[in-house]
Amino acid sequence: MRQLLNKIYSISGWTAAFFIVAICLTVMAQVVLNLLDRISSVITGEAFGLTIPSYADFTGFFLAGASFLALAYTLRDGSHIRVSLVLQHLSPKTRHFVEIWCLGIASAMAIYFTAYTGFLVHESYTYNDLSPGMIAIPIWIPMLPMLIGLAVLSLALLDELVCVLCGRDPSYEGKGENLLEQDHADLHAE
């Protein structure tokens with residue numbers, strides 16, 4: 001089961017990375033087209049009018065997909081912002097209780113947002129909502145990565161909650177919050 005869950009989190013993270021690359025490629029392509037237009041207008045006095053239709057819409061959709069699909073992966077990697085200043089001053093027993101409470105609240109919120117987003121995607125599909133750009137995209141399509149990302153985040157939070165309830169440390173423990181200390185130690189080692 002652990003291997004399957006880790007595979008799901010990795011696939012979600014790699015899909016987010018794919019969307020980031022898609023943003024870069026789309027923006028770079030549009031910059032090249034703008035440059036060609038500019039060169040054409042300088043040389044011939046007329047621009048070709050080269051553009052990627054709805055490229056701003058597409059990059060926005062890619063950004064939303066990347067943001068939501070990266071949530072579970074970054075949680076497990078310890079890259080989410082956590083306020084551990086209070087936690088480090090608690091006793092191990094109290095810290096364990098607070099960790100369970102936080103993961104329980106976060107899980108409930110993620111599940112609620114996943115369900116609500118699922119209703120929005122279904123409603124968008126039912127009413128055939130379209131994006132307002134030059135290329136009308138059924139809006140449920142770019143909403144789908146958001147829903148999947150929230151579902152995987154909910155799964156990751158529940159996974160962490162079960163691990164902590166069973167007495168194990170969460171996967172993110174000691175990863176993200178020690179980055180500055182590790183960089184500082186690496187600088188002094190050199």
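In every chain, residue numbers begin from 1 and rise along the written sequence. Predicted model: local features are reported for residues with pLDDT of at least 70 only, side-chain atom pairs are reported and counted for 80 or more only, and whole-chain, interface and lining totals are derived from all residues. Side-chain calculation: all heavy atoms of the structure are included, whereas hydrogens and water are not.

## Re the pattern of salt bridges
Any carboxyl oxygen of Asp or Glu that lies within 4 Å of a side-chain nitrogen of Lys or Arg is treated as forming a salt bridge with it. The tally for this structure, following the rule as stated, stands at 3 salt bridges. The shortest N-O distance in the salt bridge between Arg 2 and Asp 159 comes to 2.6 Å. Within this pair, whereas Arg 2 is found in helix H1 (residues 2–44), its partner Asp 159 is found in helix H5 (residues 140–165), the two being separated by 157 residues in sequence. Linking Arg 76 and Glu 160 is a salt bridge whose minimum nitrogen-to-oxygen distance equals 2.5 Å. Of this pair, Arg 76 sits in helix H3 (residues 71–77) while Glu 160 sits in helix H5, placing them 84 residues apart in sequence. Relative accessibility thresholds used throughout: buried, under 20% of the residue-type maximum; exposed, over 50%; partly exposed, between the two (1.4 Å probe, protein chains only). On the basis of relative accessible area, Glu 160 is assigned to the buried category, the value being 0%. Secondary structure elements follow DSSP: runs of H or I no shorter than four residues count as helices, runs of E no shorter than two count as strands, and numbering proceeds from the N terminus.

## Some details on the packing of H1 against H5
In a packed pair of helices, the relevant descriptors are the angle between the two axes and the axis-to-axis distance. Axis definition: a line fitted to C-alpha atoms, limited for helices to the stretch in contact. Angles are taken between N-to-C directions and run from 0 to 180 degrees. In contact at an axis separation of 11 Å, H1 and H5 are set at 145° when each is read in the N-to-C sense. Classified by chirality, the crossing of H5 by H1 is left-handed. Across the interface between the two elements, Arg 2, Leu 5, Ile 8, Tyr 9, Ser 12 and Phe 19 from H1 touch Pro 145, Val 152, Leu 155, Ala 156, Asp 159 and Cys 163 from H5. Polar here means any residue other than Ala, Val, Leu, Ile, Met, Phe, Trp, Tyr, Cys and Pro, which are nonpolar, and Asp, Glu, Lys and Arg, which are charged; Gly is therefore polar. Per-class residue counts for the contact of H1 with H5 are 9 nonpolar, 1 polar and 2 charged. Left-handed describes a crossing whose near helix is turned anticlockwise from the far helix through less than a right angle; right-handed describes the clockwise counterpart. For this analysis, residues touch if any pair of their heavy atoms sits within 4.5 Å.

## Side note on unusual backbone geometry
Of note in the backbone geometry, Ser 54 takes a positive phi value of approximately 60° without being a glycine. When you line up the elements, Ser 54 lands in the loop between H1 and helix H2 (55–69). For Ser 54, a relative accessible area of 10% translates into the label buried. Phi angles above zero are rare outside glycine, and Asn 128 is one such case at about 55°. You can see Asn 128 is positioned in the loop between helix H4 (92–126) and H5.

## Things to note about the packing of aromatic side chains
Note on aromatic contacts: the rings of Phe and Tyr and the six-membered ring of Trp form a pair at centre separations within 6.5 Å, being stacked when their planes are under 30 degrees apart, edge-to-face when over 60 apart, and tilted otherwise. The tally for this structure, following the rule as stated, stands at 5 aromatic pairs. Geometrically, the ring pair formed by Tyr 112 and Phe 113 is edge-to-face, given 5.4 Å between the ring centres and 65° between the ring planes. Relative to Tyr 116, the ring of Tyr 112 has its centre 6.3 Å away and its plane inclined at 20°; by these criteria the two rings are stacked. Of the two residues, Tyr 112 and Tyr 116 both sit in helix H4, 4 residues apart, roughly one turn of that helix.

## A word on the side chain of Ser 40
Position of Ser 40 among the secondary structure elements: in helix H1. Among the residues examined, Ser 40 registers a relative accessible area of 6% and is labelled buried. Think of a polar contact as two N or O atoms within 3.5 Å of one another; within protein, one of them needs to be a possible hydrogen donor and the other a possible acceptor, and neighboring residues in sequence only count if both atoms come from side chains. At 2.6 Å, the side chain of Ser 40 forms a polar contact with the backbone oxygen of Glu 46. Ser 40 has contacts with Gly 45, Glu 46, Ala 47 and Phe 48, leaving out every residue within four places of it along the chain.

## Considerations on the environment of Leu 144
Within the secondary structure layout, Leu 144 lies in helix H5. Between the alpha carbons of Leu 144 and Gly 118 there is a distance of 8.5 Å; along the sequence they are 26 residues apart.

Limitation: the analysis is restricted to geometry and does not speak to function.
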